[in-house]
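Notes for the structure review
What follows is each chain in one-letter form.
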Amino acid sequence: EDTSNGTVPTPLTNYLDTQYFGEISIGSPAQTFNVVFDTGSANLWVPSQSCSPFSTACFTHNRYDASRSQTYVENGTGFSIQYASGNVRGFLSEDVVVVGGIPVVQVFAEATFLSAMPFIFAKFDGVLGMGYPKVAIDGITPVFDRIMSQHVLKEEVFSIYYSRDPKHLPGGELVLGGTDPNYYTGTFNYVDTKQTGTWEVIMKGVSVGSEMTFCVAGCTAVIDTGSSYITGPASSVALLMKTIGAEQDESGYKVSCDTVLNLPSVTFHLGGKEYSLTHEDYILWQSQMEGDVCTVTFRGLDVPPPTGPIWILGANFIARYYTEFDRRNNRIGFATAV
Ligand SMILES: COCCCC[C@@](O)(c1ccccc1-c1ccccc1)[C@@H]1CCCN(C(=O)[C@H]2C[C@@H](N)[C@@H](O)C2)C1
C-alpha cells in the first residue's frame, strides 16, 4: 500500500537475530536483491554477473547483469570497501534503483570479489549504505540523498524496526520519510549527532546494575543498523563481561544458560535518557545438540583513532529501541519498540 508520503514500508527479514535485510530492485526489467540497510556505511554494492567463479561468496548470491538492463549506464571506475572483517572489490555502474517504491538513478558498485569471510555466511546479497555523503567512497551520492533531492518524502528521515524473534513476521521494517507507529509505543527522545556527517552521538556513560562503570567521562557511540551486536573498547567489554560472569571463547562471550534470568541490565546513557537492555535483549539463547548455548551479544572491538575509541550500538539495541534517523535535524530518535 502506498502511504501518503509517496513511499511504501520495506519489510525486512530477520535471520537468527543477527542479519536483517530487505529487498530492492536494480535495472529495467527489475532485478531484485536483498540488502542490509547500513547506517555505518554510505555506498550501495551488489554482486556482479561478471564476478569470478573463484569468489564463492559472490557466486552463491543474486548477481546484477548489466547486459539485461535497458537503463544500465556504464561507468567502470574501480571500487573497494573494507569492513571490520571482510572486503569487497568491483567497479561502478549506474542504473535505476528502487527502494521503498521510489526509483532513483544511482551509481553503485558491481562486486566482482567478496571475501569468503564473512560473506559465505551472508543470507543477503549486498549492502545499501544509509550513511551521510561524507563517508561515501569515491564521493558517490548515497541512495537516501538521491531520494531526498526528489522531494517526495514527507520528512527527511528514515526509521528502522528490527524484530527480536526470528519467528515473528515481519522480521523488521524500513520506513522512508517517517516512522511506523505499529512498531513503537510512547514518544521519541532525540539525541543530536556528534557532528554532521556520521550517525554518531555522544554517550554519557554505560552502567551495569546500579554502578556507572564505563565511558564515565563521555564517549562516542555509533547507531549502526549494519552491525549485529553491540561493540565497545575491548578492555571495557572484557570488564563488563567479567561483571556478568561471561567467559570468552573463540566465537565470543558465553554465559551458562541457568544464570541468564539473574543477569543485570546494561544501561546506555544517551541524550539525558537511560536506555536499558535486559538479558532478554542481550542474550542469544540457542538450543543445540550438545545442550543450550547462551551467547552475550556484546563484542570487544578497538576502533583506531580518529574514529575510535567508540561503542557501536547495533541490531540488539535497535530491536529494543525503535530508531528514527533524522537527516533534516541531524539527530537520532529512540522510542520503545513493541
Ligand atoms: C543487522 O544486520 C547486520 C548484517 C550482518 C553484519 C555482519 O555481522 C555480517 C555477518 C555475516 C555476513 C556478512 C556480514 C556483513 C559484512 C560486511 C557488511 C555487511 C554485512 C558483519 C560481520 C563483520 C563485522 N560487521 C561489520 O563490519 C559491519 C558494520 C556495518 N556498519 C557494516 O558496514 C559492516 C558486521
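Here, every reference points to the structure presented above.
Residues numbered from 1 in each chain as written. Predicted model: local features only at pLDDT ≥ 70, side-chain atom pairs only at ≥ 80, totals over all residues. Heavy atoms only, no water.

**Focus on helix α4 (residues 234-243)**
- Along α4, the residues classified as buried are S236, V237, L240 and M241. Around the axis of α4, the buried residues are gathered within 135° of arc, so they sit on the same side. Of the exposed residues in α4, the ones pointing more than 90 degrees away from its buried face are S235 and K242.
- The positive-phi residue at the C-terminal boundary of α4 is G245, with phi of around 75°. (Buried < 20%, exposed > 50% of the residue type's maximum accessible area, 1.4 Å probe, protein only. Helix = DSSP H or I, 4+ residues; strand = E, 2+ residues; numbered from the N terminus. Arc of directions from axis to C-beta.)

**With respect to the sheet that holds strand β17 (residues 252-255)**
- In space, the 4 strands of this open sheet follow the order β16-β17-β21-β20, with antiparallel pairing throughout. Looking along the sheet, the strands with just one partner apiece sit at the ends: β16 (247-249) and β20 (283-288). With direction set aside, neighbouring strand axes in the sheet form an average angle of 40°.
- Note: β17 against strand β21 (residues 291-296), 3 bridges, orientation antiparallel. (Pairing = 2+ DSSP bridges. Axes fitted to C-alpha atoms, helices over the stretch in contact; angles between N-to-C directions.)

**So, the site of the ligand**
- In the vicinity of the ligand, 21 residues are found, and the nearest of them are Y20, D38, S85, D224 and S228.
- Between the ligand and D38, the relevant distance is 2.6 Å, taken from an oxygen atom to a side-chain nitrogen or oxygen of the residue.
- Calculation on the ligand without its partners gives an accessible area of 660 Å², and the protein chains cover 86% of this total.
- Secondary-structure elements contributing two or more residues to the shell around the ligand are β2 (19-26), β3 (31-38) and α2 (116-119).
- Partitioned by chemical class, the residues of the shell around the ligand number 11 nonpolar, 8 polar and 2 charged. (Near = heavy atom within 4 Å. Polar contact = N/O pair within 3.5 Å; in protein donor to acceptor, adjacent residues only side chain to side chain. Areas by Shrake-Rupley, 256 points an atom, 1.4 Å probe, with all protein chains shown as cover. Nonpolar A, V, L, I, M, F, W, Y, C, P; charged D, E, K, R; others polar.)

**Quick notes on the packing of aromatic side chains**
- Tallied over the entire structure, the rule returns 25 aromatic pairs.
- Arranged with centres 5.5 Å apart and planes meeting at 85°, the rings of W45 and F119 form a pair that is edge-to-face. One end of the pair, W45, is in strand β4 (residues 44-47); the other, F119, is in helix α2, and 74 residues separate them in sequence.
- Classification of W45 by relative accessible area gives buried; the value is 0%.
- F119 sits in the buried class, given a relative accessible area of 6%.
- An aromatic cluster is present here, built from F214, F268, Y275, Y282, F298, W311, F317, Y321 and F334 joined pairwise through their rings.
- If you follow R327 out to its NZ or CZ, it ends over the ring of Y132, 4.3 Å from the centre.
- The positively charged end of R331 is found above the aromatic ring belonging to Y190, 3.6 Å away from the centroid. (Phe/Tyr/Trp six-rings, centres within 6.5 Å; stacked < 30°, edge-to-face > 60°. Lys NZ or Arg CZ within 6 Å of the ring centre and 35° of its normal.)

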